Amino acid sequence: TIAVYSGTAEEEVKGAVVNGLGLKCTDADAGKNQVIHYRVHPDFGSVPFEFADAAVPQITAKSKLDHDTSPTSYEFKVTAFNPHDQLKQAFDAVVKVAITDTNDNAPEFLYKLHRKPVNESLKVGAVVVTQKELSVSDKDSKSKLQVTIAKGNDAFKFALSGKGDLVLADKI
């Protein structure tokens, strides 16, 4: 069986270190025969990871990775070898890297509201703006987003209903 190492890399950071791998090989030989170098297996040359220093078992991202638009995980093979070994003995392992999601995208309203007239004869509790019109999207969030009234409601004339509609809270 082949060894499997799993780790994480932060998105949007060129040179991000893959954390949590614990990748390290040892060689019982002495002198130059115990030197170990690491490389991404040639069959996986297109992955966005590398060993910045072949003598150090630390994998880094070659470019910025975006959790929201690129793959969220990668799997590839790495090789540990002795560059002085005439027999070309090597050890292969599988590395799995999950890209962590950071909050790098702002939420956006799906519908643009500029002005919405409110009839002064509207009854308290009446819907002024529907939950659908207040729908928000955020590439970073897999869960439901919460909408709040941030400003412009100093007189508390409006409120958000339990369904997410903007309703009249007090007579105008």
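Refer to the structure above for everything that follows.
Our subject in this report is the structure included herewith. (Residues numbered from 1 in each chain as written. Predicted model: local features only at pLDDT ≥ 70, side-chain atom pairs only at ≥ 80, totals over all residues. Heavy atoms only, no water.)

Some words on the packing of aromatic side chains
Applying the stated rule across the entire model yields three aromatic pairs. The aromatic ring of Phe 81 is capped on one face by Arg 39, whose charged end is 4.4 Å from the ring centroid. (Phe/Tyr/Trp six-rings, centres within 6.5 Å; stacked < 30°, edge-to-face > 60°. Lys NZ or Arg CZ within 6 Å of the ring centre and 35° of its normal.)

Observations regarding the sheet that holds strand S5 (residues 73-81)
Taking strand neighbours across the sheet as the criterion, the four strands line up as S1-S6-S5-S2 in an open arrangement whose pairing is mixed. Both edges of this open sheet fall to strand S1 (3-10) and strand S2 (37-40), since each of them pairs with a single strand only. Shown here is a sheet whose adjacent strand axes are inclined to one another by a mean of 30°, direction ignored. One ladder, built from four bridges, connects S2 with S5; its direction is antiparallel. Each bridged residue has a counterpart across the sheet, and for His 37 the counterpart in S5 is Phe 81. (Pairing = 2+ DSSP bridges. Helix = DSSP H or I, 4+ residues; strand = E, 2+ residues; numbered from the N terminus. Axes fitted to C-alpha atoms, helices over the stretch in contact; angles between N-to-C directions.)

As for the pattern of salt bridges
Across all of its chains, the model carries two salt bridges by this definition. Residue Lys 116 pairs with Glu 133 through a salt bridge whose shortest N-O separation is 3.3 Å. In this pair, Lys 116 is assigned in the loop between strand S7 (108-109) and strand S8 (127-129) and Glu 133 in the loop between S8 and strand S9 (136-137), connecting sequence segments 17 residues apart. Taking relative accessible area as the criterion, Glu 133 reaches 22% and is therefore assigned partly exposed. (Salt bridge = Lys/Arg side-chain N within 4 Å of Asp/Glu carboxyl O. Buried < 20%, exposed > 50% of the residue type's maximum accessible area, 1.4 Å probe, protein only.)

What to know about the sheet that holds strand S11 (residues 166-168)
Two orientations exist for strands paired in a sheet by backbone hydrogen bonds: parallel and antiparallel. Pairing in this open sheet of three strands is antiparallel, and the strands run S8-S11-S10 from one edge to the other. Strands with a single pairing partner mark the edges of an open sheet, and in this sheet they are S8 and strand S10 (158-160). Strand-to-strand twist of the sheet, defined as the mean angle between neighbouring strand axes without regard to direction, takes the value 40°. As paired elements, S10 and S11 share three bridges and run antiparallel to each other. Among the inter-strand pairings, Leu 160 is bridged to a residue of S11, identified as Leu 166.

Honestly, that's just the spatial picture; any functional story needs more than this.
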